[in-house]
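The residues making up each chain are set out below.
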Amino acid sequence: MKQRATKLWPATRARFVTSAHRLSERPRWKLLEIAIAGRSNAGKSSLINALLGVGKLAVTSKTPGRTRALNFFALNEYLALVDLPGYGYAALSKEGAQSLSRLLYEYLRTEQNLIGVLLVVDARRDPESQEFELAALLRERGLSLILALNKCDKLAHHERAAALKKYAALADDPILCSALQKEGIAELRRRVDELVRSAHKSA
Ligand SMILES: Nc1nc2c(ncn2[C@@H]2O[C@H](COP(=O)(O)OP(=O)(O)OP(=O)(O)O)[C@@H](O)[C@H]2O)c(=O)[nH]1
Ligand SMILES: [Mg+2]
């Protein structure tokens, strides 16, 4: 695929395409996909809206477990962001939680258009086993990982370095960000651009 000079951000042409409740419902297209993964309530949908910078295409909620399907947003004719359901939402029934994670992992394991994952964590929490599992899965597939330490507006100034340090074991160069206050969004956009450029080169 040819490199396009089109500027991605703000994603003025972004549109919601579809929700897939099962893998067979995912769009069949040629678009490169970057998925947004992370624990329930970490701020994945909020961060998608901040990245796109054009209103509120992704549905957010105070109640964890809001996003229950794979939600596909096309930015233009070559890139899509995929809002994933959160893992670790304890209030779901066991069967519900299992089927969510099955959908999630099946998608992450098999999607051929996927070029990388933006993993969103709450910067106040410690990294968890699911996050290391996700990082291992991506390494196995040779896919990139961008790590966003979200809700950094909730950190005291002296807690920021500690947050960066404790997440260094999970991924290189984690980014402190706040979907709420729009901090770190420019850096996240730059990292997404970089990922898309390197995918074009290897295509
Ligand atoms: N303080 C603060 N709150 C945030 C930030 N980002 C998101 N939130 C809040 O966190 C809550 C969850 O946000 P969502 O974007 O819906 O989280 P999600 O990860 O998509 O959640 P699920 O779809 O349930 O997995 C909402 O009340 C948001 O307003 C942030 O940077 N700072
Ligand atoms: Mg969500």
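Predicted model, so just to flag it, every value in this text is computed and none were measured. (Residues numbered from 1 in each chain as written. Chains lettered and ligands numbered in written order. Predicted model: local features only at pLDDT ≥ 70, side-chain atom pairs only at ≥ 80, totals over all residues.)

1. A few points about the pairing of strand β2 (residues 32-37)
No. 1: Most of β2 sits inside the fold, with five of its six residues counted as buried.
No. 2: Inspection of the sheet shows β2 paired to strand β4 (residues 79-83) by five bridges, in the parallel sense. By the bridge assignment, glutamate 33 is partnered in β4 with alanine 80.
No. 3: In the sheet, β2 pairs with strand β5 (residues 114-122) via five bridges, with the strands oriented parallel. Bridging across to β5, alanine 37 finds its partner in leucine 119. (Buried ≥ 20, exposed ≤ 12 C-beta atoms within 10 Å, placed from the backbone. Helix = DSSP H or I, 4+ residues; strand = E, 2+ residues; numbered from the N terminus. Pairing = 2+ DSSP bridges.)

2. A short note on helix α5 (residues 185-202)
No. 1: The end-to-end C-alpha separation of α5 is 26 Å, in line with the 26 Å expected for 18 residues at 1.5 Å each.
No. 2: Within α5, the full set of buried residues consists of Leu188, Arg191, Val192, Leu195, Val196 and Ala199. Mapping the buried residues of α5 onto a view down its axis gives an arc of 135°, with all of them on the same face. Facing away from the buried side of α5 by over 90 degrees, the exposed positions are Ala186, Arg190, Arg197 and Lys201.
No. 3: On its buried face, α5 is in contact with β2, α1 (44-52), β4, β5, β6 (144-150) and β7 (175-176). (Expected span 1.5 Å × (residues − 1). Arc of directions from axis to C-beta. Contact = placed C-beta atoms within 7 Å.)

3. Quick look at the nonpolar core
No. 1: Within the largest apolar cluster, 53 residues are counted, with the highest numbers of intra-cluster contacts made by Ile36, Leu75, Leu119, Leu147, Ala148 and Leu149.
No. 2: Per-element accounting of this core gives the leading share, seven residues, to β5.
No. 3: In this structure, leucine 149 is in contact with Val121, Ala123, Ala163, Tyr167, Pro174, Ile175, Leu176 and Cys177, ignoring residues within four places of it in sequence. (Core = buried A, V, L, I, M, F, W, Y, C linked by C-beta atoms within 7 Å.)

4. Some thoughts on unusual backbone geometry
No. 1: Note the cis peptide between tryptophan 9 and proline 10, where omega equals -10°.
No. 2: Take proline 10: it is sitting in the segment before β1 (15-20).
No. 3: In this structure, aspartate 173 is a non-glycine residue whose phi angle is positive, near 50°.
No. 4: Structurally, aspartate 173 is set in the loop between α4 (159-167) and β7.
No. 5: Judged by the 11 C-beta atoms lying within 10 Å of it, aspartate 173 is exposed.

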